[in-house]
Amino acid sequence: MTGESTHNPRGDYSGMRPDFTVDQAWERYSPEEHALWRRLYARQAALVPLYACSEYLASLRALDSAQAIPRFDEVNARLAAATGWTLVAVPGLLPDRAFFEHLANRRFPVTVWLRKPEEFDYIVEPDVFHDFFGHVPLLFDPVFADYLQAYGRGGLKADALGAIEMLARLYWYTVEFGLIETGEGIRAYGAGILSSGGELPYCVQSPEPKRIGFDLLRIMRTRYKIDTFQETYFVIRDFAELFEATAPDFSPYYAQLRGAELVGPGETLSGERLHGPGP
Ligand code: HBI
Ligand code: FE
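Everything quoted here is computed from the prediction, not taken from an experiment.

Conventions and cut-offs
Residues numbered from 1 in each chain as written. Chains lettered and ligands numbered in written order. Predicted model: local features only at pLDDT ≥ 70, side-chain atom pairs only at ≥ 80, totals over all residues. Heavy atoms only, no water. Phe/Tyr/Trp six-rings, centres within 6.5 Å; stacked < 30°, edge-to-face > 60°. Helix = DSSP H or I, 4+ residues; strand = E, 2+ residues; numbered from the N terminus. Buried < 20%, exposed > 50% of the residue type's maximum accessible area, 1.4 Å probe, protein only. Lys NZ or Arg CZ within 6 Å of the ring centre and 35° of its normal. Donors = N, O, S within 2.8 Å, 3.2 Å for Na, K, Ca; no water. Tetrahedral: all angles 85-135°; square planar, octahedral: opposite > 155°, others 65-115°. Polar contact = N/O pair within 3.5 Å; in protein donor to acceptor, adjacent residues only side chain to side chain. Contact = heavy atoms within 4.5 Å. Axes fitted to C-alpha atoms, helices over the stretch in contact; angles between N-to-C directions. Parallel < 35°, antiparallel > 145°, perpendicular 65-115°, else oblique. Left-handed = near helix turned anticlockwise from the far one by under 90°. Nonpolar A, V, L, I, M, F, W, Y, C, P; charged D, E, K, R; others polar. Core = buried A, V, L, I, M, F, W, Y, C linked by side-chain atoms within 4.5 Å.

A few points about the packing of aromatic side chains
- One pass over the full model with this rule turns up 22 aromatic pairs.
- Consider the rings of Tyr-41 and Phe-133, whose centres lie 5.1 Å apart with planes at 85°: the pair is edge-to-face. Residue Tyr-41 is found in helix H1 (residues 31-51), and its partner Phe-133 is found in helix H5 (residues 128-135); the two are separated by 92 residues along the sequence.
- The buried category is assigned to Tyr-41, whose relative accessible area is 9%.
- Of the aromatic side chains, those joined through ring pairs into one cluster are Trp-37, Tyr-41, Tyr-56, Phe-129, Phe-132 and Phe-133.
- The positively charged end of Arg-71 is found above the aromatic ring belonging to Trp-26, 3.9 Å away from the centroid.

Laid out in structure tokens, this is it:
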């Protein structure tokens, strides 16, 4: 965790294995929790066709998880065949190193607990709805899947170089809040947006936020807020652009950026071209 959080993480970390995994214990979800899942799912499922990228939508439909909190082991059989990724159940937020270690080995940590009904609209920490609805569909996309693994490997290196903050910003502005250009205009692929009822229409349609073309070094020096809609989004052309950006060794970037000034969450730099809102 990157120092954003001022409280202890939620979740039961008492019975976990050394790699922070637990059993999902699917039988323990209550009927009320499955009902809350159905409500969360129905709200988001009505929005994503308008605002999410097609790669995400195709996989979400195939996952067919509208009726109940999914069983990770059932999804794993299909995910392994598609891209070789595995979902692992975890108690909640993991320390950076443990998180990167999973991603580097094509394992995606999915939180087991579901939010409370009063947190329907907003939750700070990832729960099973955010992790599953937001992140899991794109694990079926081969190029995005490779990007996420490359990110995990980069994270382990960044940890050794004391550069986790720069890499955390990359995760934030791509995996969590990324936008993508499509034939139908700008769409969302970031899990933080895809799992949010309010931010999903906002990020595509609102004239308020800035939308800037993907720029690795710009992202790595852009601060972010975790408790409001984003003021700036970065737009990729396709997932290949994302994956290719992770090919070089980042060490010279880190060295260069260490002296550089940070950019505020809503700041634009001179000469930056902004994308307009979508349809
Ligand atoms: N742990 N379970 C979980 N999920 C995350 O998204 C996550 C995490 N630990 C650290 C983390 N994210 C980020 O701070 C890193 O990408 C830097
Ligand atoms: Fe997330």
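Thoughts on unusual backbone geometry
- Here Ala-25, not a glycine, exhibits a phi torsion of approximately 50°, which is positive.
- Looking at the element boundaries, Ala-25 is found in the segment before H1.
- Even without a glycine there, the phi angle at Arg-106 is positive, about 55°.
- Mapped onto the secondary structure, Arg-106 falls in the loop between helix H4 (96-104) and strand S2 (107-111).

Examining the coordination of the iron ion (ligand 2)
- Every protein donor of the iron ion (ligand 2) is listed here as His-130 (NE2), His-135 (NE2), Glu-176 (OE) and Glu-176 (OE), and their distances to the metal cover 2.0 to 2.8 Å.
- Seen from the iron ion (ligand 2), its four donor atoms lie at angles of 52 to 136°, and the figure they make is irregular.

So, the side chain of Glu-125
- In this structure, Glu-125 sits in the loop between S2 and H5.
- Within the structure, the side chain of Glu-125 is placed 3.0 Å from the backbone nitrogen of Arg-10, a separation counted as a polar contact.

Section: the side chain of Arg-169
- Turning to its location among the elements, Arg-169 is positioned in helix H7 (residues 164-176).
- The class for Arg-169 is buried, based on a relative accessible area of 7%.
- Not counting the four nearest positions on each side in its chain, Arg-169 is found in contact with Ile-219, Met-220, Arg-221, Thr-222, Arg-223, Tyr-224 and Leu-262.

Quick look at the environment of Glu-27
- Here Glu-27 lies in the segment before H1.
- Each C-alpha atom of the pair Glu-27 and Arg-71 lies 9.5 Å from the other, and the pair is 44 residues apart in sequence.

Concerning the packing of helix H6 (residues 142-161) against helix H12 (residues 251-258)
- Close contact between H6 and H12 brings their axes to 11 Å; oriented N to C, the two are set at 45°. Here H6 is positioned oblique relative to H12, judged by the angle of their axes. Here the hand of the crossing between H6 and H12 comes out right-handed. From H6, Gly-154, Ala-158 and Leu-161 reach across to H12, where they touch Ser-251, Tyr-254 and Arg-258.
- Tallied by class, residues from the contact of H6 with H12 come to three nonpolar, two polar and one charged.

Some points on the nonpolar core
- Counting 90 residues, the largest nonpolar core has Tyr-56 and Leu-87 as the members making the most contacts within it.
- Looking at which element gives the most residues to this core, the answer is H7, with nine residues.

Structural notes on the environment of Ala-150
- By the element assignment, Ala-150 lies in helix H6.
- In this structure, Ala-150 is in contact with Phe-243 and Thr-246, ignoring residues within four places of it in sequence.

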